[in-house]
Amino acid sequence: MQYGIDILLQQSAPWKQMKLAMVTNDAATTVTGEKSRAALLNNGFHLIKLFSPEHGIAVTGADGAFQNHTTDSLTGLPVISLYGEALAPAAEALKDIDAVLFDIPDVGCRYYTYLWTMTHVMEACAASNKPFVLLDRPNPTGALLHKAEGPMLDEEHCSSFIGRWNIPLKHCCTLGELAHYFAATRIPGLQLHVIKASGYQRHHIAGNDFPFVPTSPAIQDVHTAMLYPGTGLLEGVNICEARGTLSPFAMCGAPWMDKTALAAAIQALSLPGVQASPVSYTPAAGIYEGLQCHGVQWQVIDNASFNAVQTGLALLQTVHQLYPQHLQPRLYKTVANPSGAGHLDKLLGVYHAFELLQQKHSFDLNIQEQWMGTIGPYLLY
């Protein structure tokens, strides 16, 4: 297998003669593990500036935390933050370059922000008439479209930086495919070039078919990435998603839970491909920092049948059933949402999500046929 960056490095024209900017971070590497930006410079490409997304160029910034402009310690190049004062490059920052490269790994989840940084950069490139070159990569959790999960996004009420446009919560695409879709439907006039990965098939999974590189501080392995489209929903309520432990998004709990009762209630649901076992832990960060939490630890035992969003919603509904007086919405403050309000709506893409949860609403997760019809013309693999 080769990633888009590996294919680009084998090409000389036209990109080598251009002054280039690059949206990237330390998680973006060649197939041999060399950081993409260093590989470009080492191969004679004229890279003159970098842009970094949430978590910064070193992928060490805390979730939702302001990232400053900086200088890259690896290359010495200036780094303009796209998760600080602005979420998109200013026209001034694009004036002295000929094209923008984008190389950042995704995890296949709508509320992961790298995808939406991509859209803001695409819009900026279209406005400044600059080519946008997407170096594509595999989706680490797989790209079989029958595994996509809703809900779709209610753009009128729930559009935000963790979900701007109407796609499934688990989209089962590569960023190159989504870039083609957005260019065709949202960003007319963009000069888009997608350099495909080679040797990649939709059923490939990180860890089995290619290496997993940690994509952010809380997603350090592919097991966590698989769980994330479901357990990431916990950021919208007062359940600890286990940030501040060694197993974020793979454990969850609260001081007011009974771990044995919760694990038994979840196991009784017979959710496909996953097991929940009782656990207690004390997080070093987050809403229950320093307090002992009781809850469950998740283990994906069969990725082929596992449904992350179904699992996350089943957890929320079970907790509400067991602890209706305790479960509450959470304000989750970030650079992109300073008040933290409406976070569960934004994560799930559904207006009044918490109230619907209380009413035992059945959320529409089965969007595969609709999504295949929409995204089909833009698939690359």
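Above this text sits the structure in question.
Nothing here was measured: the structure is a model prediction, and the numbers come from that model. (Residues numbered from 1 in each chain as written. Predicted model: local features only at pLDDT ≥ 70, side-chain atom pairs only at ≥ 80, totals over all residues. Heavy atoms only, no water.)

## Re the pattern of salt bridges
Thought 1: Counted under the stated rule, the structure contains 12 salt bridges.
Thought 2: Measuring nitrogen to oxygen at the nearest pair gives 2.6 Å for the salt bridge that ties Arg137 to Asp103. Placement of Arg137 in the loop between β6 (132-135) and α5 (155-158) and of Asp103 in strand β5 (residues 99-103) is noted, with a sequence separation of 34 residues between them.
Thought 3: On the accessibility criterion, Arg137 (9% relative accessible area) is buried.
Thought 4: Among the salt bridges present, the one from Glu241 reaches Arg330, with a minimum N-O distance of 2.9 Å. With a gap of 89 residues between them, Glu241 in the loop between α7 (222-231) and β8 (251-254) and Arg330 in the loop between α9 (308-322) and α10 (343-348) connect regions that are remote in the sequence.
Thought 5: On the basis of relative accessibility, which here comes to 4%, the residue Glu241 falls in the buried class.
Thought 6: Beyond isolated ion pairs, a larger network of salt bridges with shared partners links Asp63, Glu235, Glu241, Arg243 and Arg330. (Salt bridge = Lys/Arg side-chain N within 4 Å of Asp/Glu carboxyl O. Helix = DSSP H or I, 4+ residues; strand = E, 2+ residues; numbered from the N terminus. Buried < 20%, exposed > 50% of the residue type's maximum accessible area, 1.4 Å probe, protein only.)

## Examining the nonpolar core
Thought 1: One finds Met118, Phe132, Phe182, Ile239 and Trp371 to be the most contacted residues of the largest nonpolar core, which totals 129 residues.
Thought 2: Contact partners of Ile239, with chain neighbours within four places excluded, come to Leu234, Cys252, Gly253, Trp256, Met257, Ile287, Leu316, Val319, Leu327 and Arg330. (Core = buried A, V, L, I, M, F, W, Y, C linked by side-chain atoms within 4.5 Å. Contact = heavy atoms within 4.5 Å.)

## A word on the packing of aromatic side chains
Remark: the centre distance and the inter-plane angle together describe each pair of aromatic rings, the angle taken between the planes.
Thought 1: Per the stated rule, a full pass over the model turns up 14 aromatic pairs.
Thought 2: Note on Tyr83 and Phe161: the rings are 6.0 Å apart at their centroids and 35 degrees apart in plane angle, and the pair reads as tilted. Here Phe161 lies in the loop between α5 and α6 (175-185) and Tyr83 lies in the loop between β4 (78-81) and α3 (91-94), a separation of 78 residues in the sequence. By the burial criterion, Tyr83 is buried, and Phe161 matches it.
Thought 3: Ring plane angle 80 degrees and centroid distance 4.9 Å describe the contact between Tyr228 and Phe249, whose orientation is recorded as edge-to-face. Highlighted residues: Tyr228 in helix α7 and Phe249 in the loop between α7 and β8, separated in sequence by 21 residues. Just as Tyr228 is buried, Phe249 falls in that class too.
Thought 4: Through a chain of ring-to-ring contacts, three or more aromatic side chains come together here, namely Trp116, Trp165, Tyr181, Phe182, Trp371 and Tyr378. (Phe/Tyr/Trp six-rings, centres within 6.5 Å; stacked < 30°, edge-to-face > 60°.)

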